[in-house]
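Read off the chains here:
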Amino acid sequence: TLQQLQGGLIEGFHEFLVLDPTGLDDPAVSLVRTCLGFFQDCERLLGCDGLRNVCASCEQVVHDCDHIKGLLRGRDDANRRLEHYDEKVERLHRQLHPVSPRSASCTT
């Protein structure tokens, strides 16, 4: 969850400072501040229940995408079958109504 990410970032930041307090340059500090600001904004905007709602919405989107994927597979399968049977019908039609060389020359 977002809170776990925030906790992990802060722990990593503290561990890094313990190992090398002079090792953080300005871009690294800026990145950490930006991330912490993002987490704080999310907490204010979403609250405790908001994160659960976002997760539930994401799960619903994944479920809907899986459903649509199944529908598309079914449509593709139906199109392949249609093409297959169209080819069979065309083959049968050519067998039942062969074009003679004389009738072919009359049409041109």
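Above this text sits the structure in question.
Note that this is a predicted model, so its numbers are computed, not measured.

Student: Help me get a handle on the overall build of the protein, residues and values and all.
Tutor: Counting secondary structure elements, the protein contains three helices and zero strands. Shown N-terminal to C-terminal, the secondary structure of the protein runs as helices and strands in the order α-α-α. Counting the 108 residues in the protein, one finds 6% classified as buried. Accessible surface for the protein amounts to roughly 9400 Å². Of this, 60% is attributable to carbon and sulfur atoms.

Student: Pulling in residues and values, what's your account of the pattern of salt bridges?
Tutor: Tallying each qualifying case throughout the model produces four salt bridges. Notably, a salt bridge pairs Asp 77 with Arg 80, separated by 3.9 Å at the nearest N-O pair. Highlighted residues: Asp 77 and Arg 80, both in helix H2 (residues 26–96), separated by three residues, approximately one helical turn. With a relative accessible area of 29%, Asp 77 lands in the partly exposed category. Connected through salt bridges with shared partners, the residues Asp 77, Arg 80 and Arg 81 form a single ionic network.

Student: Residues and numbers for a nonpolar patch on the surface, please.
Tutor: Residues Ile 68, Leu 71 and Leu 72 make up a contiguous nonpolar surface patch of roughly 270 Å² in combined accessible area. Tracing the sequence through the fold places Ile 68 in helix H2. Residue Ile 68 is classed as partly exposed on the basis of its relative accessible area, which comes to 45%.

Thresholds applied
Counting starts from 1 at the beginning of each chain's written sequence and moves along it residue by residue. Totals for whole chains, interfaces and linings use all residues, but because this is a predicted model, local features are given only for residues with pLDDT of at least 70 and pairs of side-chain atoms are given and counted only at 80 or more. Hydrogens are left out, water is left out, and the side-chain values use all remaining heavy atoms of the structure. Helix and strand labels come from DSSP, where a helix needs a run of H or I of at least four residues and a strand needs a run of E of at least two; each type is numbered from the N terminus. Buried, partly exposed and exposed residues are distinguished by accessible area as a fraction of the type maximum, computed with a 1.4 Å probe on protein chains only: under 20%, between the cut-offs, and over 50%, respectively. Areas reported as accessible are Shrake-Rupley estimates using a 1.4 Å probe. Residue values count occlusion only from the protein chains shown. Put simply, a salt bridge is a Lys or Arg side-chain nitrogen that is within 4 Å of an Asp or Glu carboxyl oxygen. The patches described consist of residues with a relative accessible area above 30% and no salt bridge, like charges being joined within 9 Å and nonpolar side chains (Val, Leu, Ile, Met, Phe, Trp, Tyr) within 5 Å.

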